[in-house]
Amino acid sequence: MEQRHPLPPFTLETALQKVQLAEDAWNSKNPEKVAQAYTLDSEWRNRSTFINGRQEIIEFLTGKWERKLDYKLKKTLWAFIDNRIAVRYEYEFHNAEGQWFRAYGNENWEFDENGFMQKRFASVNDLPIDASERRL
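So, how was this worked out
Residues numbered from 1 in each chain as written. Predicted model: local features only at pLDDT ≥ 70, side-chain atom pairs only at ≥ 80, totals over all residues. Heavy atoms only, no water. Core = buried A, V, L, I, M, F, W, Y, C linked by side-chain atoms within 4.5 Å. Buried < 20%, exposed > 50% of the residue type's maximum accessible area, 1.4 Å probe, protein only. Helix = DSSP H or I, 4+ residues; strand = E, 2+ residues; numbered from the N terminus. Contact = heavy atoms within 4.5 Å. 1 Å grid on protein atoms, 1.4 Å probe; cavity = no way out; pocket = protein on both sides within 12 Å on 5 of 7 lines; lining within 4 Å. Points joined across faces, edges and corners; volume = space filled by probe spheres on them. Nonpolar A, V, L, I, M, F, W, Y, C, P; charged D, E, K, R; others polar. Expected span 1.5 Å × (residues − 1). Pairing = 2+ DSSP bridges.

Draft legend 1. Seen up close, the nonpolar core. In terms of nonpolar packing, the biggest core is built from 31 residues, with Trp26, Trp44, Leu61, Ile85, Tyr91 and Trp109 touching the most fellow members. Breaking this core down by element, the ones donating at least two residues are helix H1 (12–28), helix H2 (31–35), strand S1 (38–46), helix H3 (53–67), strand S3 (69–81), strand S4 (84–94), strand S5 (100–111) and strand S6 (117–129). Beyond its immediate stretch of four places on either side in the chain, Trp44 contacts Trp26, Tyr38, Thr49, Phe50, Ile51, Ile57, Phe60, Leu61 and Arg120.

Spelled out as structure tokens, the structure:
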């Protein structure tokens, strides 16, 4: 059976590592690469969108990064226990018209015994910003 290290149960060190791996993958803006961190039947809630499985993850992320240009993300560990991790994050992007945004959010992650994320629940809010206000 394939494994995706680090494996649960998480320690502070391995939870921080898992968060950094996720941040790095998302900043690659490569939907296929990102999807490999999730179980084949992974369940997501992203805002009001419900996503099931790697193929839907790839489709969702492809559309996301076609619309959200110059995307840059920062994730921060919030809490962890056993096979669960909670993160806070912010990301910045601009749309095709040149308007910049900063998105703030929280994610709750649940992993299977092989280290693949089986559930991801995200709440996100977007804030329009001026280009001069960018932090990332």
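More follows now that the structure is in view.
Draft legend 2. Structural detail: empty space enclosed by the protein. For the structure on display, the rule yields one cavity of 30 Å³ or more. Approximately 60 Å³ is the volume found for the largest cavity. Lining the largest cavity are Trp26, Asn46, Lys64, Tyr71, Leu73, Lys75, Tyr89, Tyr91, Glu107, Arg120 and Val124. Here the lining of the largest cavity takes three residues from S3, the largest share from any one element. When its residues are assigned to classes, the lining of the largest cavity shows six nonpolar, one polar and four charged.

Draft legend 3. Region of the structure containing H3. In this model H3 runs 22 Å from its N-terminal to its C-terminal C-alpha over 15 residues, within 8% of the 21 Å that 1.5 Å per residue would give. Of the positions making up H3, those classed as buried are Gly53, Arg54, Ile57, Ile58, Phe60, Leu61, Gly63, Lys64 and Trp65. Buried residues along H3 sit against H1, H2, S1, strand S2 (49–52), S3 and S4.

Draft legend 4. Spotlight on the pairing of S5. Of all twelve residues making up S5, nine are buried, and the element is well covered by its neighbours. Examined bridge by bridge, S4 and S5 share eleven bridges and lie antiparallel to one another. Note that in S5 the partner of Glu90 across the bridge is Tyr104. Here S4 folds back onto S5, and the loop between the two strands holds five residues, one of which, Gly98, carries a positive phi near 95°. Note: S5 against S6, twelve bridges, orientation antiparallel. By the bridge assignment for S6, Asn108 is matched with Phe121. A loop of five residues connects S5 with S6, the two strands running antiparallel in sequence, and Gly115 in this loop sits at a positive phi of about 85°.

Draft legend 5. Fine view of unusual backbone geometry. With an omega dihedral of 0°, the bond running from His5 to Pro6 counts as a cis peptide bond. The residue Pro6 is located in the segment before H1 in this model. Residue Pro9 is bonded to the preceding Pro8 through a cis peptide linkage, with omega at 0°. Residue placement: Pro9 occurs in the segment before H1. Although it is not a glycine, Lys29 adopts a positive phi angle of roughly 55°. With respect to the secondary-structure elements, Lys29 resides in the loop between H1 and H2.

Read these as layout, nothing more, since geometry by itself doesn't imply function.
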